[in-house]
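So the chains spell out like this:
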Amino acid sequence: VLKRLVRIGTSKPNCGSPLVGDSAAMRELRAQIRNVATTDAAVMIVGESGTGKELVAKAVHDCSYRTAEDFVPVNMAALPESLVESVLFGHEQGSFTGAGKRQPGLCQQAHNGTLFLDEIGEMHRDLQPKLLRFLQEHTVQRVGSTRVEELDVRVISATNRDLDQMIHSGGFREDLYF
């Protein structure tokens, strides 16, 4: 059984600089960013559209030891359902019509960095178990491949949806949420 070690580090003292404001709420947000940035814990950011969820995700990345590696944002709502698995996990040449060459996925691009899954509440329920497996096992298997690849990726997700309600109605997996 492979076990993943959680790296604990220190955040950078000047992280979170793209965030504007000096109110008590903004100071608390910056403190939360610094605290979570020192861990490898998956993070869920919830807020209304236009409130800066991606800025917060980028600040967490920039405050972490992963800052020298890629921050890979993915808008889950913009991906066609038929391509999500290939885009996230990659595919082998000939694995489906139009797959003319081997293509790594965004998870591989984010190796040692941060994968930001924006609008995670828009992800189709049938694809959620594959994402859950990636989060639990830290492995991917390209579409059309038999080889499993281990990755070191921090995942930050965001949504403006009420995931508790979606879980209750069966639209979002409770185990993925937690």
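Residues numbered from 1 in each chain as written. Predicted model: local features only at pLDDT ≥ 70, side-chain atom pairs only at ≥ 80, totals over all residues. Heavy atoms only, no water.

Student: Even after reading the chapter, I still don't get the sheet that holds strand 2 (residues 71-75), so can you show me in this structure?
Tutor: Two orientations exist for strands paired in a sheet by backbone hydrogen bonds: parallel and antiparallel. The strand order 1-8-5-2 describes an open sheet built from 4 strands, whose pairing is parallel. Edge positions in the sheet fall to strand 1 (43-46) and strand 2, since each of these pairs with one other strand and no more. Here the strands of the sheet are splayed against their neighbours by 20° on average, with no regard to which way each runs. By the bridge criterion, 5 bridges tie strand 2 to strand 5 (residues 114-118) in an arrangement that is parallel. Residue pairing for strand 5: Pro73 is matched across the bridge by Phe116. On top of the sheet, helix 2 (residues 53-63) reaches strand 1, strand 2, strand 5 and strand 8 (154-159); it is set at about 170° to strand 5, its chief contact. (Pairing = 2+ DSSP bridges. Helix = DSSP H or I, 4+ residues; strand = E, 2+ residues; numbered from the N terminus. Axes fitted to C-alpha atoms, helices over the stretch in contact; angles between N-to-C directions. Contact = heavy atoms within 4.5 Å.)

Student: I keep staring at the packing of aromatic side chains and nothing clicks. Help me out?
Tutor: In this description, a pair of aromatic rings is defined by centroid distance and the angle of the planes. Applying the stated criterion across every chain yields a total of 3 aromatic pairs. For the ring pair Phe71 and Phe116, a centre distance of 6.0 Å and an interplane angle of 20° mean the geometry is stacked. Of this pair, Phe71 sits in strand 2 while Phe116 is found in strand 5, placing the two residues 45 residues apart along the sequence. Neither residue differs from the other here; Phe71 and Phe116 are each classed as buried. Look at Tyr177 and Phe178: their rings are 5.0 Å apart centre to centre, the planes differ by 80°, and that puts the pair in the edge-to-face class. By relative accessible area, which is 73% here, Phe178 ends up exposed. (Phe/Tyr/Trp six-rings, centres within 6.5 Å; stacked < 30°, edge-to-face > 60°. Buried < 20%, exposed > 50% of the residue type's maximum accessible area, 1.4 Å probe, protein only.)

Interpretation note: all reported values are geometric properties and have no functional meaning in isolation.
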